[in-house]
Amino acid sequence: MKKRILSLFIILCLLLSVLPTAIFAATEYDLYINEFQFTSTNLTYTGEVGSAVYSPQTKTLSLNNLTISTSRTNALIYSNIPGLTINVNGTTTINLLDSNPIGGSDIGQDQTNHALMFEADTTIKGQSGNKSRDKLVINSKSIGVTNPEPNGTTRVGISSFSQLTLQDITLSMTDNSVTNKVGYASLIRAGGQTSISGCTLDAQKCAHGVFMLEKAAANIAGTEFSMNLNGTLTSGMNFSSGTTNLVSNCSGTINATYPLYSQGSVTVNNAAGGKLTLNGTKAAAVAAENKGAVGGKLLFQDANVVLTSSDSYGIHLQPNASAELRRSTVDVTAPNICVYVDENATLSLTDGSDRTCRLYLKGTNTAEGGSVGIYAKGSVSFDTGLLSISNVYTAIQNMRTGTVDFSGGSHTLNATTCGYLNNGTGKLKIGGNVNVTVNALVGIQLTKNTGGTLEMTGGTLNLNCGETGLRLQNGAGKTTLSGGRLNITGTGSTPTADGITAYSAIEFSGTEVFFQRCKRDLIS
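Criteria and cut-off values
Residues numbered from 1 in each chain as written. Predicted model: local features only at pLDDT ≥ 70, side-chain atom pairs only at ≥ 80, totals over all residues. Heavy atoms only, no water. Helix = DSSP H or I, 4+ residues; strand = E, 2+ residues; numbered from the N terminus. Rg over C-alpha atoms; globule rule 2.2 N^0.38 Å. Buried < 20%, exposed > 50% of the residue type's maximum accessible area, 1.4 Å probe, protein only. Areas by Shrake-Rupley, 256 points an atom, 1.4 Å probe, with all protein chains shown as cover. Lys, Arg positive; Asp, Glu negative; His and termini not counted. Charge placed at Lys NZ, Arg CZ, Asp CG, Glu CD. Phe/Tyr/Trp six-rings, centres within 6.5 Å; stacked < 30°, edge-to-face > 60°. Lys NZ or Arg CZ within 6 Å of the ring centre and 35° of its normal. Contact = heavy atoms within 4.5 Å. Pairing = 2+ DSSP bridges. Salt bridge = Lys/Arg side-chain N within 4 Å of Asp/Glu carboxyl O.

Participant: Mind showing me how you'd approach the overall build of the chain here?
Facilitator: Check the secondary structure of the chain and you find two helices and 48 strands. Taking 2.2 N^0.38 as the reference for a compact globule, 524 residues should give roughly 24 Å; the C-alpha atoms of the chain span a radius of gyration of 31 Å, well beyond that estimate. Looking at the chain residue by residue over its 524 residues, the buried ones come to 54%. For the chain, the accessible surface area stands at approximately 20800 Å², while carbon and sulfur atoms represent 48% of it. Averaged over its 35 positive side-chain charges, the chain has a centre that lies 3 Å from the centre of its 34 negative ones.

As structure tokens, then:
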């Protein structure tokens with residue numbers, strides 16, 4: 001019996017000896033750091049400093065105060081493992097070097113380099129839940145790339161082509177490229193649904209902060225921005241067409257060409273407190289045009305936002321785009337135009353009181369040809385809230401077929417020259433229970449040979465003027481005063497202003513009109 005058992009054992013050993021060695025090979029995981037691939041027999045990577053440990057049972061990669069630099073691969077950390085979680089423990093530093101020639105090739109110069117690249121759903125989170133402790137720091141530099149990506153990008157912090165989640169970390173990227181290589185780095189470039197919560201996003205001298213690729217949407221919550229972007233056309237948050245995005249309870253500052261640029265729909269909501277400041281060299285917030293489709297939409301809901309432009313527009317609503325304020329305070333400062341409403345675009349205040357929904361527009365140039373509060377080619381409506389325009393040459397300039405409609409709320413237009421100037425066939429409507437006060441040299445002007453009209457059906461309109469309250473030039477459209485109250489007051493210590501100069505059709509059919517300190521009440 002013993003001999004029989006021994007014989008069977010020997011036969012088994014012989015059979016095992018002729019089996020392919022691959023049967024005993026380690027399991028390989030689609031997870032790499034530089035050239036190192038994690039396997040079932042090698043689950044720990046040792047970096048220049050610190051380590052990374054992978055647990056296949058929980059699909060968790062732990063980065064423990066890790067430091068790595070560009071080697072032979074253009075994606076320093078790469079994963080195609082669905083459901084991977086990366087725990088950041090302490091500070092992980094990733095250096096995207098400008099050059100690192102190895103074995104006749106130089107990945108730093110050959111192609112676009114990515115600190116982290118994911119082709120499957122991935123979550124990155126701080127292990128302690130404290131973003132001040134757990135940080136992902138990316139240092140990049142480029143002296144040029146032989147084969148960059150089509151948009152010229154040379155360096156990317158996180159590239160994601162699937163669902164990406166960031167929680168409770170500080171994600172920081174500084175691009176130290178110089179001369180004409182500046183402005184080709186991105187902190188996050190995402191091609192899938194992206195959720196960012198409880199983080200700090202710190203991008204210095206990059207071209208883009210959060211750049212969403214086609215059809216990919218983002219939800220950014222409870223996150224602080226610290227972005228000083230560099231390049232020709234930079235953006236802090238860039239949302240793609242056909243998407244619905246949310247920026248909620250965020251704070252901090254973004255300095256860029258376009259801090260907020262959206263071809264899709266984005267809601268900004270920071271009701272929980274904090275202030276979001278967007279400083280743009282061109283425009284602080286853009287709802288962009290989509291050729292042949294509905295444009296971008298900016299919805300400020302329960303928001304507190306400061307928008308400034310150093311060169312051009314505060315808010316730019318391109319053709320077919322829109323912006324809406326609901327129970328929000330939006331403070332805009334711009335040297336050229338505070339809000340540009342292009343053809344078929346809309347701007348509206350729709351929900352809240354004069355205490356809860358406020359739009360402050362401040363120019364920086366009151367001289368001739370200087371700042372304009374609202375430049376309207378499209379539709380502008382104020383159903384509620386408070387509009388305050390100050391430090392401008394012209395408060396509202398209505399061009400082409402634009403419509404400006406005041407039907408509710410309390411609004412003040414301060415300008416050195418003109419409160420409302422119509423240079424097209426557009427309409428100015430005053431109605432409902434609105435209260436509008438204009439302080440300017442000329443309160444309202446309908447320019448000659450344009451066909452622009454004024455309709456007043458209700459509310460109160462106060463024109464405090466130094467020269468003319470209501471100026472209706474030859475060839476302007478019809479002015480109809482059928483309801484409400486119109487108060488025209490000369491601002492000089494002695495009467496020098498004219499109340500109404502009517503050289504085009506005007507109909508008085510119900511509006512109460514009062515003149516104070518005017519040299520001449522009505523000229524026709």
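Participant: Help me out: how do you make sense of the packing of aromatic side chains in this one?
Facilitator: How two aromatic rings sit relative to each other is set out by the distance from centre to centre and by the angle between their planes. Tallied over the entire structure, the rule returns nine aromatic pairs. With a centroid separation of 5.0 Å and an interplanar angle of 40°, the aromatic rings of Tyr 313 and Tyr 340 are classed as tilted. In this pair, Tyr 313 sits in strand E30 (residues 313-317) while Tyr 340 sits in strand E33 (residues 337-341), placing the two residues 27 residues apart along the sequence. Accessibility expressed as a relative area gives 10% for Tyr 340, which makes it buried. The ring of Phe 514 has Arg 485 lying over it, and the distance from NZ or CZ to the ring centre is 3.9 Å.

Participant: Teacher, can you tell me more about the side chain of Ser 381 here?
Facilitator: Summarising the element assignment, Ser 381 is placed in strand E37 (residues 379-382). Residue Ser 381 is classed as buried on the basis of its relative accessible area, which comes to 17%. Those residues in contact with Ser 381, other than ones at most four positions away along the chain, are Leu 347, Ser 348, Leu 349 and Asp 405.

Participant: Just to check I follow, could you spell out the pairing of strand E27 (residues 283-287) for this structure?
Facilitator: For a regular strand, side-chain orientation follows a simple rule: the groups alternate between the two sheet faces. Across the five residues of E27, five count as buried, placing the element largely inside the fold. When strand E24 (residues 258-262) meets E27, the two strands line up parallel, connected through three bridges. By the bridge assignment, Tyr 261 is partnered in E27 with Val 286. For E27 and E30, the ladder comprises four bridges, and the chain directions are parallel. Note that in E30 the partner of Ala 283 across the bridge is Tyr 313.

Participant: What is the right way to read the environment of Ile 33 from this model?
Facilitator: Residue position: Ile 33 is located in strand E1 (residues 28-33). Sequence-wise, Ile 33 and Ser 79 are 46 residues apart; in three dimensions their C-alpha atoms are separated by 9.0 Å. Residues contacting Ile 33, with those up to four places away along its chain left out, are Phe 38, Tyr 45, Ala 52, Leu 66, Ile 68, Leu 76 and Ile 77.

Participant: How do you make sense of the pattern of salt bridges when you look at a structure like this?
Facilitator: Opposite charge on two side chains allows them to pair when their charged atoms are near. Evaluation of the coordinates by the stated rule reveals 10 salt bridges. As a salt-bridge pair, Glu 324 and Arg 326 come within 2.8 Å of each other at their nearest N and O atoms. By relative accessible area, which is 13% here, Glu 324 ends up buried. Note on Arg 326: relative accessible area 26%, which makes it partly exposed. Close ionic contact of Arg 520 with Asp 498 constitutes a salt bridge, the shortest N to O distance being 2.9 Å. Highlighted residues: Arg 520 in strand E48 (residues 518-523) and Asp 498 in strand E45 (residues 497-502), separated in sequence by 22 residues.

Note that all results are geometric; they support no functional claim without further evidence.
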